[in-house]
Amino acid sequence: MRKKMLAANWKMNLNLQEASDLYSNFIQNLPFNESNHFVVFSPFVFLPQLSTFNSTLALGAQNFYPAEKGAFTGEISISQLKELQVSVVLIGHSERRSYFYESNEFLKQKVDSALNHNMDVVFCCGESLETRDSDKHLAFVEAQLTDSLFHVSKEDILKCSIAYEPIWAIGTGRTANSEQIEEMHKSIRNWISMKYDEETGQSIAILYGGSCNEHNASEIFSCPNVDGGLIGGASLSTEGFLQIAQELN
Ligand code: PGA
């Protein structure tokens with residue numbers, strides 16, 4: 001059975017006390033089992049504190065720089081994150097692509113750096129409204145995956161999950177509808193199967209992100225090729241995130 005995953009992307013929110021309380025509530029209440037995986041992508045500064053919880057709730061980093069060490073003022077390496085029990089990294093989020101100009105080529109370097117250090121990866125892709133309106137969304141997302149992710153080996157792609165996040169749905173309260181989501185998720189799975197093999201295509205978790213919340217998660221997660229979600233705004237409250245988690249099964 002394919003693993004299911006629910007990931008919280010806290011972005012640049014919360015203070016240390018709020019982050020610790022939320023993380024501890026998640027640990028106590030999430031429905032952990034063999035097929036459900038949970039991750040919190042926390043701001044860097046809370047990681048030392050959250051790592052002391054020593055929990056099965058995986059700790060993720062929202063960013064890193066793909067070099068071992070050196071003169072990169074303000075940046076953080078994968079090795080430094082590993083010391084804080086971080087086991088997953090987020091790569092390719094549309095906010096990093098647009099505000100911080102991370103190109104497909106740079107994201108490829110990040111993917112290689114993470115996998116070389118045995119980190120799990122949640123790789124984000126997704127189109128703008130303009131691209132969707134001109135009916136180029138499938139070709140656009142396929143190119144994002146081909147340019148930055150599909151060069152890795154079969155062994156490495158199995159350490160990756162993919163999050164489809166249409167940019168027009170992120171933080172806007174507007175979600176993609178079930179047909180739009182299923183069309184993209186099914187296509188992503190087919191591209192993986194064509195590039196690797198059918199079994200690999202069937203094994204990789206494909207998450208949806210973009211205004212997913214406790215009211216729409218049930219419908220979104222019932223799409224056959226949706227294996228969970230990457231949750232921004234609704235992951236900042238215990239109730240919201242736990243209710244979404246109940247819809248995973
Ligand atoms: P949102 O963010 O749930 O607030 O739309 C999702 C994301 O950016 O990962």
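What you are looking at is a predicted structure, and each value in this text was computed from that prediction instead of being measured.

A. Highlighting the site of the ligand. In the region of the ligand, 13 residues are neighbours, and K11, H93, E165, G171 and S211 sit closest. Residue K11 places a side-chain N or O atom 2.7 Å away from an oxygen atom belonging to the ligand. A distance of 2.9 Å separates an oxygen atom of the ligand from a polar backbone atom of G232. Expressed as a share of its isolated accessible area of 280 Å², the protein-covered part of the ligand is 95%. Residues belonging to the shell around the ligand are distributed by class as follows: four nonpolar, seven polar and two charged.

B. Highlighting the pairing of strand β1 (residues 4-9). Where burial is concerned, most of β1 is hidden: five out of the six residues are buried. Pairing geometry for β1 and strand β2 (residues 36-42), over six bridges, is parallel. Across the sheet, residue A8 finds its bridge partner in β2, namely V40. Between the parallel elements β1 and β2, the chain passes through helix α1 (residues 16-29) in a crossover that is right-handed. Where β1 meets strand β8 (residues 228-231), four bridges bridge the pair, whose relative direction is parallel. The partner of L6 across the bridge, within β8, is G229.

Rules used in this analysis
- Residue numbers restart at each chain and count upward from 1, following the sequence in its written direction.
- pLDDT decides what is reported in this predicted model: residues at 70 or higher carry local features, side-chain atom pairs at 80 or more are listed and counted, and totals for whole chains, interfaces and linings draw on all residues regardless.
- Side-chain metrics in this entry use all non-hydrogen atoms of the structure; hydrogen atoms and water are not considered.
- Here a residue counts as near a molecule or strand whenever at least one of its heavy atoms sits within 4 Å of it.
- Polar contact is defined as a pair of N or O atoms within 3.5 Å, subject to the rule that within protein one atom must be able to donate a hydrogen and the other to accept it, and that residues adjacent in sequence are counted only when both atoms are side-chain atoms.
- Accessible areas in this description were obtained via Shrake-Rupley with a 1.4 Å probe; residue shielding takes into account the shown protein chains only.
- Throughout, the ten residues Ala, Val, Leu, Ile, Met, Phe, Trp, Tyr, Cys and Pro are labelled nonpolar, Asp, Glu, Lys and Arg are labelled charged, and all others, Gly among them, are labelled polar.
- Exposure classes here rest on a 1.4 Å probe applied to the protein chains alone. A residue is buried below 20% of its type maximum, exposed above 50%, and partly exposed in between.
- Put simply, DSSP H or I for four residues or longer makes a helix, DSSP E for two residues or longer makes a strand, and each gets a number counted from the N terminus.
- Here, strands pair whenever DSSP counts at least two bridges between them.
- By definition, the crossover connecting two strands over a helix is right-handed if that path, from the first strand to the second, turns clockwise as seen with the strands pointing away from the viewer.

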